[in-house]
Amino acid sequence: MSTDLGTPAVLSPDEADRAVRLAAPRGYCAGVDRAVITVEKALDLYGAPVYVRKQIVHNKHVVSNLESRGAIFVEELHEVPEGATVVFSAHGVSPEVHRQAEVRSLKTIDATCPLVTKVHHEAKRFAAEDYDILLIGHEGHEEVEGTAGEAPDHIQLVQGPDDVKNIEVRDPSRVSWLSQTTLSVDETLETVAAIRERFPELLDPPSDDICYATQNRQLAVKEIAADADLVIVVGSGNSSNSVRLVEVALEAGAKASYRVDDASEIDEAWLDGVAKVSVTSGASVPEDLVEGVLDFLTERGYPDAQAVHTAEESLIFALPPELRRDMRAAQSAGK
Ligand code: SF4
């Protein structure tokens, strides 16, 4: 019996040019990882339901997964029954929210990312020194609300260079700035430069507020975007750092870039005539959603993805101390 080995498949010129590049680092940062584990451990320890004020992290898949395990997400604390357990999200809360929790006798677990807490401390310190604080960020974002709530009489929001001409301060020699942790690094520098032009004595924060994860993901997307026909960013629409990745990809030279929550949102038409596809994900995105996008591409004739490494990340944050204390107590009680 003869065996037909078949004719080797000949790739069309387009197919031969195809390549998929995958940013590294991408996806979960230390703050998101800690926040998600905090809710999971709280559910294990206290049992369902555990209330969470706002989305624990800005990703709809993460939120629905935790909901299926017994977490109840609320917008404000009046929706939480008196005495219940509530987790504060990674984006942070203002002192007023802590006060409301006390009034309602809620048991609170604070999953605010330590890098956001650092910005809160800076806000308190600048306010104590009576500086006017210019907070660069997006109006309505939970992190901005939390930080501004630390010193509402001293902080004013600046959304970009265009806002700078309208800033009014008490004393131009006592002005400082802070920023949301998930902004575009380049745009923020532009805004700071515009502020400094108006207020040459502007005081900088002790270190950049834009966090390591945001910076690393933006650097990585620049690397894979420059010669890409298409950059797909996995992340939810309310995720500031994911939305910024699309903007950074386009600025870095990508011919097109789209954000999707998962593979089901990819429009097949985006792939028309596209050889080089690059993929990345925001800091609140679980890796299985990225894998779904890569599978989608493979099924349409694209080769396996090549990872492009631009930074190593090893940061891990300890869980909130109040949760660790209860976990230790449960352990010694033999639960
Ligand atoms: S993106 Fe940065 S600031 Fe936000 S949770 Fe992650 S590590 Fe913290």
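Whatever comes next refers back to the structure up there.
Conventions adopted
- Residues numbered from 1 in each chain as written.
- Predicted model: local features only at pLDDT ≥ 70, side-chain atom pairs only at ≥ 80, totals over all residues.
- Heavy atoms only, no water.
- Helix = DSSP H or I, 4+ residues; strand = E, 2+ residues; numbered from the N terminus.
- Expected span 1.5 Å × (residues − 1).
- Buried < 20%, exposed > 50% of the residue type's maximum accessible area, 1.4 Å probe, protein only.
- Arc of directions from axis to C-beta.
- Contact = heavy atoms within 4.5 Å.
- Pairing = 2+ DSSP bridges.
- Axes fitted to C-alpha atoms, helices over the stretch in contact; angles between N-to-C directions.
- Parallel < 35°, antiparallel > 145°, perpendicular 65-115°, else oblique.
- Left-handed = near helix turned anticlockwise from the far one by under 90°.
- Nonpolar A, V, L, I, M, F, W, Y, C, P; charged D, E, K, R; others polar.
- Salt bridge = Lys/Arg side-chain N within 4 Å of Asp/Glu carboxyl O.
- Phe/Tyr/Trp six-rings, centres within 6.5 Å; stacked < 30°, edge-to-face > 60°.

Observations concerning helix α5 (residues 114–128)
Link 1 in the chain: Over its 15 residues, α5 extends 21 Å from the first C-alpha to the last, a length consistent with the 21 Å expected when each residue adds 1.5 Å.
Link 2 in the chain: Of the positions making up α5, those classed as buried are Val116, Val119, His120, Glu122, Ala123, Phe126 and Ala127. Projected onto a plane normal to the axis of α5, the buried residues spread over an arc of 160° and lie on a single side.
Link 3 in the chain: The inward-facing, buried residues of α5 abut β6 (132–136), α6 (142–148), β7 (155–158) and β8 (175–179).
Link 4 in the chain: Just beyond α5, the residue with positive phi is Asp130, at close to 65°.

Here's the deal with the sheet that holds strand β2 (residues 50–53)
To summarise the sheet geometry, strands pair through backbone hydrogen bonds and adopt either a parallel or an antiparallel arrangement.
Link 1 in the chain: An order of β3-β2-β4-β5 is seen for the four strands of this open sheet, with the pairing classed as parallel. The outermost strands of the open sheet, each flanked by one partner alone, are β3 (71–74) and β5 (107–110). The average undirected angle you get between the axes of adjacent strands in this sheet is 30°.
Link 2 in the chain: Bridging between β2 and strand β4 (residues 85–88) involves three bridges; their strand directions are parallel. Residue pairing for β4: Tyr51 is matched across the bridge by Val86.
Link 3 in the chain: Helix-sheet contacts for helix α2 (residues 30–46) involve β2, β3, β4 and β5, and the interaxial angle to β5 is about 150°.
Link 4 in the chain: Sitting on the sheet, helix α4 (residues 95–103) touches β2, β4 and β5, and the angle it makes with β4 is about 175°.

Observations regarding the packing of helix α8 (residues 212–225) against helix α9 (residues 240–251)
Link 1 in the chain: Relative to each other, α8 and α9 sit at 30°, their axes nearing to 9 Å. Here α8 is positioned roughly parallel relative to α9, judged by the angle of their axes. Seen from above, α8 lies across α9 with right-handed handedness. Judged by residue contacts, Thr214, Arg217, Gln218, Val221, Lys222 and Ala225 of α8 engage Asn241, Arg244, Leu245, Val248 and Ala249 from α9.
Link 2 in the chain: Broken down by class, the residue content of the contact of α8 with α9 amounts to five nonpolar, three polar and three charged.

Digging into the pattern of salt bridges
Link 1 in the chain: Tallied over the full model, the rule gives 22 salt bridges.
Link 2 in the chain: A salt bridge links Lys222 to Asp186, with the nearest nitrogen and oxygen atoms 2.9 Å apart. Here Lys222 is found in helix α8, whereas its partner Asp186 is found in helix α7 (residues 185–198), with 36 residues between them in sequence.
Link 3 in the chain: Salt bridges sharing partners connect three or more residues here, namely Arg53, Lys54, Glu75 and Glu76.

Side note on the packing of aromatic side chains
Link 1 in the chain: Throughout the structure, instances matching the rule amount to two aromatic pairs.
Link 2 in the chain: Ring plane angle 5° and centroid distance 3.9 Å describe the contact between Tyr258 and Trp270, whose orientation is recorded as stacked. Linking Tyr258 in strand β10 (residues 257–260) with Trp270 in the loop between β10 and β11 (276–281), this pair joins segments that are twelve residues apart in sequence.
Link 3 in the chain: For Trp270, a relative accessible area of 18% puts it in the buried group.

Keep in mind that these numbers describe shape and distance, not what the molecule does.
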